[in-house]
Amino acid sequence: MKSSASSPPPLSVADRPLSVQGRFGRLSFIAWSAFLHFIFILSSLALGLGMDIVNFMSVSTDPFNTFSLYRLSNLFALLLLGLYIYFAVVITIRRLHDLNGSGWWTLLCLLPGVNILFGLYLLLGPGTTGSNRYGPQRLSLVWEKILAGLIIIFMLLGLFAVIALFFYLGSGEASQIPADVMQKTTEYF
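Residues numbered from 1 in each chain as written. Predicted model: local features only at pLDDT ≥ 70, side-chain atom pairs only at ≥ 80, totals over all residues. Heavy atoms only, no water.

## Overview of the packing of aromatic side chains
Counted according to the given criterion, the structure contains six aromatic pairs. Both rings, one in Phe35 and one in Trp143, keep their centres 6.2 Å apart while their planes meet at 65 degrees; by these two values the pair is edge-to-face. With Phe35 in helix α1 (residues 26-61) and Trp143 in helix α4 (residues 142-170), this pair connects stretches of sequence that are 108 residues apart. The aromatic ring of Phe24 is capped on one face by Arg94, whose charged end is 4.3 Å from the ring centroid. (Phe/Tyr/Trp six-rings, centres within 6.5 Å; stacked < 30°, edge-to-face > 60°. Helix = DSSP H or I, 4+ residues; strand = E, 2+ residues; numbered from the N terminus. Lys NZ or Arg CZ within 6 Å of the ring centre and 35° of its normal.)

Here is the structure:
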């Protein structure tokens, strides 16, 4: 049974999303990036809160033991940051493979200014249709489509909120509101 050139082949069983082999389309790239950020934020919060609790408990029992606990928390933080950077590079390489580009282009993320344009290219650049030198086109999974759609909606809502805030603060009415509130709330005293 032959498949048409317009429809990509189904996702292979051997596809490992956290491997540099293979490709990520736009939606998969957005979803995996959001998932990575979410996991990193939760892990950072858990590490920070956990180490604060452990340090607080150890200070009350042994004030000389806190230095080693701070070293341990720094070690965990560095390990967490290293894992975050590794998986961010893997996701970016897979997106570059979809754009039929080498993973070495990821080094453009290190250049200030260029990294913004590079990030926009990764988000907006159309991937190669069909197979390319990095393998067949990968279909986005259902959860990737849902998560990417939610992220896009939240980003657009955030952008509209920032624009509305700038217009609100740019108008002359915003500076009068605190004076009105102050006048109305202090007349009872």
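## Some points on the environment of Pro126
Within the secondary structure, Pro126 sits in the loop between α3 (114-124) and α4. With sequence-adjacent residues up to four places away left out, Pro126 is seen in contact with Arg26 and Leu99. (Contact = heavy atoms within 4.5 Å.)

## Considerations on the nonpolar core
Counting residues in each nonpolar core, the largest one holds nine residues, listed as Phe24, Phe29, Trp32, Leu36, Ile91, Leu96, Leu99, Phe118 and Leu122. If you list the elements that add at least two residues to this core, you get α1, α2 (66-98) and α3. Of the residues forming this core, the biggest block, three residues, is contributed by α1. Ignoring any residue separated from it by four or fewer positions in sequence, one finds Ile91 in contact with Phe24, Phe29, Trp32, Ser33 and Leu36. (Core = buried A, V, L, I, M, F, W, Y, C linked by side-chain atoms within 4.5 Å. Buried < 20%, exposed > 50% of the residue type's maximum accessible area, 1.4 Å probe, protein only.)

## Comments concerning the layout of surface pockets
Here the largest pocket defines a volume of roughly 910 Å³. If you trace the largest pocket, you find 29 residues lining it, with Phe29, Ser33, His37, Gly119 and Leu123 closest to the centre. For the lining of the largest pocket, the secondary-structure elements that each account for two or more residues are α1, α2, α3 and α4. Of the residues belonging to the lining of the largest pocket, the class tally is 22 nonpolar, six polar and one charged. Of the pockets and cavities examined, the second largest pocket occupies roughly 270 Å³. Per-class residue counts for the lining of the second largest pocket are four nonpolar, seven polar and five charged. (1 Å grid on protein atoms, 1.4 Å probe; cavity = no way out; pocket = protein on both sides within 12 Å on 5 of 7 lines; lining within 4 Å. Points joined across faces, edges and corners; volume = space filled by probe spheres on them. Nonpolar A, V, L, I, M, F, W, Y, C, P; charged D, E, K, R; others polar.)

## Quick word on the pattern of salt bridges
One pass over the full model with this rule turns up three salt bridges. A salt bridge links Asp98 to Arg23; the shortest N-O distance between them is 2.9 Å. Of the two residues, Asp98 is situated in helix α2 and Arg23 in the segment before α1; the sequence distance between them amounts to 75 residues. Residue classification places Asp98 among the buried positions, given a relative accessible area of 5%. Judged by relative accessible area, which is 1%, Arg23 ranks as buried. Among the salt bridges present, the one from Arg138 reaches Glu144, with a minimum N-O distance of 3.1 Å. We classify Glu144 as buried; its relative accessible area is 0%. Several salt bridges converge on common partners, so that one network encompasses Arg23, Arg95 and Asp98. (Salt bridge = Lys/Arg side-chain N within 4 Å of Asp/Glu carboxyl O.)

## Here's the deal with the confidence of the model for the protein chain
For the protein chain, per-residue confidence averages 81 on the pLDDT scale, and residues scoring 70 or more make up 74% of the total. Within the protein chain, the lowest mean pLDDT, 65, falls on helix α5 (residues 177-186), and the highest, 92, falls on α3. (pLDDT = per-residue confidence, 0-100.)

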